Amino acid sequence: MTIDNNNLLKSILASFDRIEHINAEDIPNIDLYMDQVTTFMDKRLRKSTRDPNEDKILTKTMINNYAKNNLLPPPVKKKYSKEHILVLIFIYYFKGILSINDIDTLLKPLTEKYFDTDKDFDLEAIYTEVFSMEEAEVENLKQDVISKYGISENMFADAPKDSKDFLQKFAFICMLGYDVYVKRLLIEKIIDGIREDAIKAEAKKAEKKASQNKAATQKQAAQKQAAKAEGSAKAKK
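What counts as what
Residues numbered from 1 in each chain as written. Predicted model: local features only at pLDDT ≥ 70, side-chain atom pairs only at ≥ 80, totals over all residues. Heavy atoms only, no water. Helix = DSSP H or I, 4+ residues; strand = E, 2+ residues; numbered from the N terminus. Rg over C-alpha atoms; globule rule 2.2 N^0.38 Å. Buried < 20%, exposed > 50% of the residue type's maximum accessible area, 1.4 Å probe, protein only. Contact = heavy atoms within 4.5 Å. Areas by Shrake-Rupley, 256 points an atom, 1.4 Å probe, with all protein chains shown as cover. Lys, Arg positive; Asp, Glu negative; His and termini not counted. Charge placed at Lys NZ, Arg CZ, Asp CG, Glu CD. 1 Å grid on protein atoms, 1.4 Å probe; cavity = no way out; pocket = protein on both sides within 12 Å on 5 of 7 lines; lining within 4 Å. Points joined across faces, edges and corners; volume = space filled by probe spheres on them. Nonpolar A, V, L, I, M, F, W, Y, C, P; charged D, E, K, R; others polar. Patch = residues over 30% accessible without salt bridge, like charges linked within 9 Å, V, L, I, M, F, W, Y side chains within 5 Å. Salt bridge = Lys/Arg side-chain N within 4 Å of Asp/Glu carboxyl O. Core = buried A, V, L, I, M, F, W, Y, C linked by side-chain atoms within 4.5 Å.

Draft legend 1. How the structure looks around the overall build of the protein chain. Of regular secondary structure, the protein chain possesses 8 helices and 2 strands. Helices and strands appear in the protein chain in the N-to-C order α-β-α-α-β-α-α-α-α-α. Relative to its length of 237 residues, the protein chain is extended, with a C-alpha radius of gyration of 28 Å against a globular reference of 18 Å. Taking the principal axes of the C-alpha coordinates as reference, the protein chain spans close to 115 × 45 × 30 Å. Burial status across the protein chain gives 27% buried among its 237 residues. Long-range contacts, defined as pairs at least 24 residues apart, comprise 62% of the intrachain contacts of the protein chain with a sequence gap of at least 6. Split by element, the accessible area of the protein chain, about 16700 Å² in all, is 55% carbon and sulfur. Taken as two groups, the 39 positive and 38 negative side-chain charges of the protein chain have centres that lie 12 Å from each other.

Written out as structure tokens, the structure reads:
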């Protein structure tokens, strides 16, 4: 993504139009080897990187680390399905703002319930619906950027002439940065809530299982006691 500092606002708005997500229907329906996965991701997402000539979209090491940290389900016979690629795309967008632990909390419910299922409502359906919001969201972001840029342009009216342009850009970056900061805090709080709900659900499940095991043990003990009593009664006869 290249920004022209001589025409900053126009360049930023134009850059929004160059951002593309990968449509689910554009992902191959055949399983791919790791090299094919990295090539596909690189080809489709490279234009949106900071430095298309240097930045890596996805490497073999990244994929292996995602699998090692349970973010990505393991491949089947060293091949990755369409759903693997969908998960990798989610990871790609989240990794810039979230920790590996947070991404795991967010994606685990998806991979556990909707990965490799024969139901109509699957991971692809979720991906498609989420990214269907992209066009409307981009327009909202454009309007927000225009508003913040306009505010920054009217700041530092009394600043030295040789510093005014930098200070206005600095103010613009601060407004954008604060927006990112607040939204990241909000996302983290929501994820914390998801994690707490998952922990409570697991504890409740464990408690139920322990209760069932206790009941089964008590039943077995009662049956043994009854059998023992019956045996004693027969022996007395």
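There's plenty left to go through after this.
Draft legend 2. How the structure looks around the layout of surface pockets. Considered as a void within the structure, the largest pocket measures approximately 2200 Å³ in volume. Lining of the largest pocket is provided by 44 residues; of these, Ile19, Tyr93, Ile97, Glu137 and Leu141 occupy positions nearest its centre. For the lining of the largest pocket, the secondary-structure elements that each account for two or more residues are α1 (8–18), α4 (82–94), α5 (100–114), α6 (123–131), α7 (134–153) and α8 (161–236). Tallied by class, residues from the lining of the largest pocket come to 31 nonpolar, 5 polar and 8 charged. Estimates place the volume of the second largest pocket at around 430 Å³. Lining of the second largest pocket is provided by 14 residues; of these, Lys108, Pro109, Glu112, Ile194 and Ala198 occupy positions nearest its centre.

Draft legend 3. Quick peek at empty space enclosed by the protein. By the definition in use, this model includes 1 cavity of 30 Å³ or more. Looking at the largest cavity, its volume works out to about 30 Å³. Lining the largest cavity, in full, are Arg18, Ile19, Glu20, Arg44, Leu45, Lys47 and Ser48. Grouping the constituent residues of the lining of the largest cavity by class yields 2 nonpolar, 1 polar and 4 charged.

Draft legend 4. Geometry of a nonpolar patch on the surface. Together, Tyr178, Tyr181, Val182 and Leu185 line one region of the surface with nonpolar side chains, adding up to about 410 Å² of accessible area. Its location among the elements puts Leu185 in helix α8.

Draft legend 5. Just the pattern of salt bridges, in detail. Applying the stated criterion across every chain yields a total of 13 salt bridges. The closest approach of N and O atoms between Lys60 and Asp35, which form a salt bridge, is 3.0 Å. With Lys60 in helix α3 (residues 60–68) and Asp35 in helix α2 (residues 34–45), this pair connects stretches of sequence that are 25 residues apart. A residue is classified by how much of its surface remains accessible, and Lys60, at 43% relative accessible area, is partly exposed. For the salt bridge of Glu139 with Lys142, the shortest nitrogen-to-oxygen distance reads 3.6 Å. Of the two residues, Glu139 and Lys142 both sit in helix α7, 3 residues apart, roughly one turn of that helix.

Draft legend 6. View of the nonpolar core. Counting 34 residues, the largest nonpolar core has Val37 and Met41 as the members making the most contacts within it. For this core, the secondary-structure elements that each account for two or more residues are α2, α3, α4, α5 and α6. Per-element tally for this core: the top contributor is α4, with 8 residues. Once you skip the residues sitting within four places of it in the chain, Val37 turns out to touch Leu32, Leu58, Ile63, Tyr80, Ile85 and Leu88.

Draft legend 7. The arrangement of the side chain of Ser81 in detail. Examined against the element boundaries, Ser81 turns out to sit in the loop between β2 (79–80) and α4. A relative accessible area of 18% means that Ser81 is categorised as buried. Ignoring sequence-local partners within four residues, the contact set of Ser81 consists of Asp31 and Phe115.

In short, the description is geometric, and any link to function would need to be established separately.
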